[in-house]
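Chain by chain, the residues run as shown.
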Amino acid sequence: MTSVSIDGVRKAYGATNVIHGVNIEIDDGEFVVLVGPSGCGKSTLLRMIAGLEEISGGQIRIGSRVVNDVSAKDRDIAMVFQSYALYPHMTVADNMAFSLKLKGIAKPEREARIAKAADILGLTPMLKRYPKQLSGGQRQRVAMGRAIVRNPQVFLFDEPLSNLDAKLRVEMRSEIKALQHRLKTTMIYVTHDQIEAMTMADKIVVMRDGVVEQCDSPLNLYDRPANKFVAAFIGSPSMNFIEGTIRTVEGHPSFVSHDGVILPMPSAAVVPDGVSVTYGFRPEHLALGKYDGIGAIVRLVEPTGSETMVQLRVGENDVVGVFRERVSAAEGSTIHIQPDPERVHLFHAETGLRLA
Amino acid sequence: MTAATVQQSGAVSAAATQSVGSKRPRLLRWLVHLVVIVFIALWFMPIMALLVSSFRPQADTASSGWWTVLVRPVFTADNYFLALDQLKVAGSLGTSLAIAIPSTILTVMLSMIGAYALVRMKFPGRTALSLLLVALLITPPQITLVPLLRLYNAVGLAGTIPGIWLYQVGFTLPFGIFLLRGFLASIPQELYESANLDGASELRTFFSIVMPLSRPIMASLGIMAFLWSWNDLLIPLLFMGGSGMSPPITVNLAGLVAQTTQGQGPLMAATFLSVAVPLLLIISLQRYFVRGILGGAVKG
């Protein structure tokens, strides 16, 4: 029954601060994903939770215990590394037994735990094989098996799927999620892939440059991003942004882009006149209008079978649209698009913070 | 008539070119095999000559070349009996083994510990120590001979086998540490971290993870150290003078070459015996030799 508390945690290498005061609360049994671009500090934070890096400031609590000065092996956690870190000279069974032997667990109990973990992960026929005889996906499962047999309070994953091919990644994603449902253990997962984050997490922590940008459930991050960075990071293809100002047009407030295109505003928005804003809308929230809507020049049509991606030009801006229906416009022709006003996001042009 | 002949000859010549073309790769392969066999024969010939000569009676060796045994095989083991007994070759082999085996074991163990410390531990003076090792690596042993001999005499190590161990291990250690260091550095950091998280102490990681993984490179170092120790003439010659036991095989052989009263036969026998031991060692461990040298270069 373990929650994890990250309280004002900082990390500095010499004089350089790489993590500046991070606060995250993780509840017992939650699947939390730390996501962000390369260099944002997510792996460093994970390693601090594991005990592989020193904590420069703040506190980390696992359960009710402050673990700042507790060595990694005593924190009752298990970690799955990006490159699996299997012991090459040991069989799969020995790899899984290593930590148990060190803890002094008796042989029958050891064998029982290994058999159970192997059963969950489908590794039973491979127990006598060596890592070099296994495929990437199988090695990854052995790495997870090694973690499972220890019955830890918290599982840590450091980009475990990065070394797998796309198809295997999709398969392993659901396997890890199913594992979490089965074991009900707290899991902290680091990735740079926002799709992995969206599909697996109960809660996502978006990080940038050592700071938490937003911490919320996947759908909340998608529907109400707190700032422009999160809005652009979550969702693929990423959100379209157009710069402009709020003007009163024909009596009610409207968004006017710098090149004069007028776009619809969400009904609940209360933004004073004259404020410079960034207008954001997702490619999937565009509707094709017959004759009404905003004129856009088609630059490229990319059908993927289930949907069609269209690269458009609206005034001076490049805009991407994703449509469920087939779009048969020729390149260079003009089509009409309508962003869904209720799904529009407005961000302050300078701070990037959400306005509406 | 003419046209038909031209056509026919054209077809024949085309067929001929085709058949020669298809034979060419096979011919090339046979050529390569031939060259390899020639080289093997050339390299093996001296040992062959040595072996054959050592089994021939003295009179025959003096009068004809070793290849005559192919026509008139006459063999005797007299040379061996003479060498082993009268010329103390048996004792020499024993002394050489007594020097080489502990020397090898000590070199490998200490190199392993030293390399591990250099790779894994951060301590003040680490860089200075590494530079010192490099300096020792390029130090010619000759300049240390006189001071060390005086020191040995003062301490009472002169003429003892432990004294030889000390010298040989000391001078092989820098090389050993660097060889192992390269390999140990190629072990990924995550393997250590994983062992750490699994609950392994530094010592436990060393014995359960690092040493099993390092077996190939340790075997290569062992082979090299053994060969150097076994073939060492200078140090035993200088440092073991006045000792009561049989001289090491190298010293013994050097002495045999100088004296000609016994004839060449026993010398042949003694030489072959001194070659046989390392030969057996290399043949049995040869797969580690190559693998170990390359092991540091390619990460598994």
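These numbers come from a predicted model, not from an experiment. (Residues numbered from 1 in each chain as written. Chains lettered and ligands numbered in written order. Predicted model: local features only at pLDDT ≥ 70, side-chain atom pairs only at ≥ 80, totals over all residues.)

Caption draft 1: Seen up close, the overall build of chain B. A count of helical and extended segments in chain B gives 13 helices and 0 strands. Secondary structure elements of chain B, listed N to C terminal, follow the sequence α-α-α-α-α-α-α-α-α-α-α-α-α. Within chain B, the proportion of its 300 residues that are buried is 29%. Within chain B, contacts between residues separated by at least 24 positions form 78% of all contacts whose residues are at least 6 apart in sequence. (Helix = DSSP H or I, 4+ residues; strand = E, 2+ residues; numbered from the N terminus. Buried ≥ 20, exposed ≤ 12 C-beta atoms within 10 Å, placed from the backbone. Contact = placed C-beta atoms within 7 Å.)

Caption draft 2: Expanded view of the overall build of chain A. Of regular secondary structure, chain A possesses 8 helices and 20 strands. Based on the C-alpha atoms only, the size of chain A along its principal axes is roughly 80 × 45 × 35 Å. The burial tally for chain A puts 36% of its 356 residues in the buried class. Here the contacts in chain A between residues at least 6 apart in sequence split such that 65% fall between residues at least 24 apart.

Caption draft 3: Local environment of the domain arrangement of chain A. The domain architecture assigned to chain A consists of domain 1 (4-225) and domain 2 (240-348). Summarising the inter-unit geometry, the C-alpha centres of domain 1 of chain A and domain 2 of chain A are found 40 Å apart. (Domains from an automatic or database assignment.)

Caption draft 4: The sheet that holds strand S12 (residues 252-257) of chain A, seen in detail. All names here are of chain A. Reading across from one edge, S13-S12-S11-S14-S20 is the order of the 5 strands in this open sheet, with antiparallel pairing throughout. Edge positions in the open sheet fall to strand S13 (262-263) and strand S20 (345-348), since each of these has one partner strand only. The sheet contact formed by strand S11 (residues 240-249) and strand S14 (residues 276-281) spans 6 bridges and is antiparallel. The partner of Gly 244 across the bridge, within S14, is Val 277. (Pairing = 2+ DSSP bridges.)

Caption draft 5: Seen up close, the sheet that holds strand S5 (residues 65-66) of chain A. Residues and elements named next belong to chain A. Strand order across the open sheet formed by 4 strands is S2-S1-S4-S5, with antiparallel pairing between neighbours. Taken across any chain shown, the strands that pair with only one partner, and hence form the sheet edges, are strand S2 (16-26) and S5. For strand S1 (residues 4-13) and S2, the ladder comprises 7 bridges, and the chain directions are antiparallel. Across the sheet, Ile 6 pairs through a bridge with Ile 24, a residue of S2.

Caption draft 6: Representation of the packing of helix H5 (residues 126-138) of chain B against helix H7 (residues 161-185) of chain B within the structure. Residue and element names in this part refer to chain B. The interhelical angle for the contact between H5 and H7, taken along N-to-C directions, is 125 degrees, at an axis separation of 8 Å. On the basis of the axis angle, H5 is oblique to H7. For the pair H5 and H7, the crossing hand works out as left-handed. Residues Leu 133, Leu 136 and Leu 137 of H5 pack against Pro 174, Phe 175 and Ile 177 of H7. Looking at the contact of H5 with H7, its residues break down into 6 nonpolar, no polar and no charged. (Axes fitted to C-alpha atoms, helices over the stretch in contact; angles between N-to-C directions. Parallel < 35°, antiparallel > 145°, perpendicular 65-115°, else oblique. Left-handed = near helix turned anticlockwise from the far one by under 90°. Nonpolar A, V, L, I, M, F, W, Y, C, P; charged D, E, K, R; others polar.)

Caption draft 7: Just the domain arrangement of chain B, in detail. Residues and elements named next belong to chain B. The domain boundaries assigned to chain B delineate domain 1 (2-70) and domain 2 (89-295). Contact residues are listed per partner, giving 7 residues for domain 1 and 8 residues for domain 2. Within the residue set of the side of domain 1 that touches domain 2, elements represented by two or more residues are helix H1 (2-54) and helix H2 (58-63). Ranked by the residues each element gives to the side of domain 1 that touches domain 2, the list is headed by H1, at 5 residues. Along the lines of polarity and charge, the residues of the side of domain 1 that touches domain 2 split into 3 nonpolar, 4 polar and no charged.

Caption draft 8: Geometry of the interface of chain A and chain B. Listed by partner, the interface residues are 16 residues for chain A and 14 residues for chain B. No other element matches helix H2 (residues 92-103) of chain A, which puts 4 residues into the side of chain A that touches chain B. Of the residues contributing to the side of chain A that touches chain B, the split by class is 11 nonpolar, 3 polar and 2 charged.

Caption draft 9: The confidence of the model for chain A, seen in detail. Mean pLDDT for chain A: 90, with 99% of residues reaching 70 or above. Mean pLDDT values for the elements of chain A range from 85 in S12 of chain A up to 95 in strand S3 (residues 31-35) of chain A. (pLDDT = per-residue confidence, 0-100.)

Caption draft 10: Highlighting unusual backbone geometry. Residues and elements named next belong to chain A. Across the junction of Ser 236 and Pro 237, the peptide omega takes the value 0 degrees, indicating a cis bond. Among the structural elements, Pro 237 can be located in the loop between helix H8 (228-233) and S11. Non-glycine residue Glu 159 carries a positive phi angle of around 45 degrees. For Glu 159, the location among the structural elements is in the loop between strand S7 (154-158) and helix H5 (166-183). Positive phi, close to 55 degrees, is recorded for Lys 184, a residue that is not glycine. Mapped onto the secondary structure, Lys 184 falls in the loop between H5 and strand S8 (186-191).

Caption draft 11: Structural context of helix H1 (residues 42-50) of chain A. Residues and elements named next belong to chain A. Summarising burial for H1: 7 of the 9 residues are buried, a large majority. Taken together, the buried positions of H1 are Lys 42, Thr 44, Leu 45, Leu 46, Met 48, Ile 49 and Ala 50. One or two positions beyond H1, positive phi appears at Gly 51, with a value near 100 degrees.

Caption draft 12: The environment of Leu 285 of chain B, seen in detail. Assignment of secondary structure puts Leu 285 of chain B in helix H13 (residues 264-295). Discounting residues that sit within four places of it in the chain, Leu 285 of chain B has contacts with Ala 219 and Ile 223 of chain B.

Caption draft 13: Expanded view of the nonpolar core. Leu 156 and Ile 188 of chain A are the most contacted members of the largest nonpolar core, which totals 118 residues. Among the elements that make up this core, the one with the highest residue count is H7 of chain B (9 residues). Beyond its immediate stretch of four places on either side in the chain, Ile 188 of chain A contacts Val 4, Ile 26, Val 32, Leu 34, Leu 46, Ile 49, Val 154 and Leu 156 of chain A. (Core = buried A, V, L, I, M, F, W, Y, C linked by C-beta atoms within 7 Å.)

Caption draft 14: Focus on the environment of Phe 183 of chain B. Considering the arrangement of structural elements, one finds Phe 183 of chain B in helix H7. Linking Phe 183 of chain B and Ala 115 of chain B, residues 68 residues apart in sequence, is a C-alpha distance of 9.2 Å.

Caption draft 15: Quick peek at the packing of H2 of chain A against helix H3 (residues 107-121) of chain A. All names here are of chain A. Where H2 contacts H3, the axes come no closer than 10 Å and their chain directions differ by 130 degrees. As far as their axial angle goes, H3 and H2 are oblique. When the axes of H2 and H3 are compared, the crossing they make is right-handed. Contacts between H2 and H3 pair Ala 93, Met 96, Ala 97 and Leu 100 from the former with Arg 110, Arg 113, Ile 114 and Ala 117 from the latter. Grouping the constituent residues of the contact of H2 with H3 by class yields 6 nonpolar, no polar and 2 charged.

Caption draft 16: Broad picture of the confidence of the model for chain B. Residue and element names in this part refer to chain B. Of the residues in chain B, 87% have a pLDDT of 70 or more, and the chain-wide mean is 82. When pLDDT is averaged over each helix and strand of chain B, the minimum, 73, is found for H1 and the maximum, 92, for H7. Scored below 50 in pLDDT, residues 295-300 shows 9 contacts in the model against residues more than four places distant or in partner chains. Among the scores for the predicted complex, ipTM is 0.81 and pTM is 0.79.

Caption draft 17: Summary view of the environment of Pro 57 of chain B. Residues and elements named next belong to chain B. Mapped onto the fold, Pro 57 is located in the loop between H1 and H2. Along the primary structure Pro 57 and Gln 264 are separated by 207 residues, whereas in three dimensions their C-alpha atoms are 10.0 Å apart. With residues near it in sequence (within four places) discarded, Pro 57 still touches Val 74, Thr 76 and Asp 78.

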